[in-house]
Amino acid sequence: GEFHACMTFTHLRGGRNRFLEFSDPILDVNKPAGILTRLVDGVPVVSSLSDLAGKKVAEVTGWAPTPDTLALSTNKCTGKPFHGYEMISPTVPQGANANDVSMRMLLE
């Protein structure tokens, strides 16, 4: 059968494609994403040139992109893929905001 689900779907690479077939999105693929890092004395803890090897990366649980999307992505500053990182999917307590949970992990 066919299902109509989301009027503003932006097609991303990753897990969703393995389970469903999606039509073309109506939105452009123009939504920038970034990796947040702490600053120490004004200097980023994770360099923009990093491939993330040996780092822990926390996703915002329940939000796109899915954790496997990072594995399919390249660092736009170096043109090289991200690899060798540990992906953490934090548990979001009932009634909590997933963005806040991930931000707390970053700042702790």
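Heads up: the structure comes first, above all this text.
What you are looking at is a predicted structure, and each value in this text was computed from that prediction instead of being measured.

**Q** Quick question: what am I supposed to make of the overall build of the chain here?
**A** Along the backbone of the chain there are two helices and four strands. Across the chain, helices and strands are ordered from the amino to the carboxyl terminus as β-β-β-α-β-α. Going through the 108 residues of the chain one by one, you find that 18% of them count as buried. Within the chain, contacts between residues separated by at least 24 positions form 57% of all contacts whose residues are at least 6 apart in sequence. Total accessible area computed for the chain in this model is approximately 8500 Å², and 57% of it derives from carbon and sulfur atoms.

**Q** Would you explain helix H2 (residues 98–107) in this entry?
**A** Side chains three or four residues apart in an α-helix point the same way, a direct result of the helix having 3.6 residues per turn. The set of residues buried in H2 consists of Ala-98, Val-101, Ser-102 and Leu-106. All buried residues of H2 lie within an arc of 140 degrees about the axis, which places them on one face of the element. One side-chain oxygen at the N-terminal end of H2 lies 2.7 Å from the backbone nitrogen of Asn-99; it belongs to Asn-97.

**Q** I tried to follow the nonpolar core on my own but got confused; where do I start?
**A** A general feature of soluble globular proteins is that nonpolar side chains tend to end up buried together. Residues Leu-52, Val-57, Leu-70, Phe-82 and Tyr-85 constitute the largest nonpolar core, which totals five residues. Here Leu-70 is in contact with Ile-35, Leu-52, Val-57, Phe-82, Tyr-85 and Met-87, once residues within four sequence places are set aside.

**Q** Please explain a nonpolar patch on the surface as it appears in this structure.
**A** Taken together, Leu-36, Met-103 and Leu-107 make up a surface patch of nonpolar side chains, about 320 Å² in accessible area. On the secondary structure map, Met-103 appears in helix H2.

**Q** Would you explain unusual backbone geometry in this entry?
**A** Among all residues save glycine, negative phi is the norm, and among peptide bonds the norm is trans. Of note, Asp-41 is a non-glycine position whose phi angle comes to about 55 degrees, a positive value. Turning to its location among the elements, Asp-41 is positioned in the loop between strand S1 (39–40) and strand S2 (43–44). In this structure Asp-41 comes out as exposed when scored by relative accessible area, which is 78%. Unlike most non-glycine residues, Leu-52 shows phi in positive territory, near 70 degrees. Among the structural elements, Leu-52 can be located in the loop between S2 and strand S3 (56–58). Here Leu-52 falls in the buried class, since its relative accessible area comes to 4%.

Procedures and definitions
Residues numbered from 1 in each chain as written. Predicted model: local features only at pLDDT ≥ 70, side-chain atom pairs only at ≥ 80, totals over all residues. Heavy atoms only, no water. Helix = DSSP H or I, 4+ residues; strand = E, 2+ residues; numbered from the N terminus. Buried < 20%, exposed > 50% of the residue type's maximum accessible area, 1.4 Å probe, protein only. Contact = heavy atoms within 4.5 Å. Areas by Shrake-Rupley, 256 points an atom, 1.4 Å probe, with all protein chains shown as cover. Arc of directions from axis to C-beta. Polar contact = N/O pair within 3.5 Å; in protein donor to acceptor, adjacent residues only side chain to side chain. Core = buried A, V, L, I, M, F, W, Y, C linked by side-chain atoms within 4.5 Å. Patch = residues over 30% accessible without salt bridge, like charges linked within 9 Å, V, L, I, M, F, W, Y side chains within 5 Å. Salt bridge = Lys/Arg side-chain N within 4 Å of Asp/Glu carboxyl O.

What is shown is where atoms sit, not what they do.
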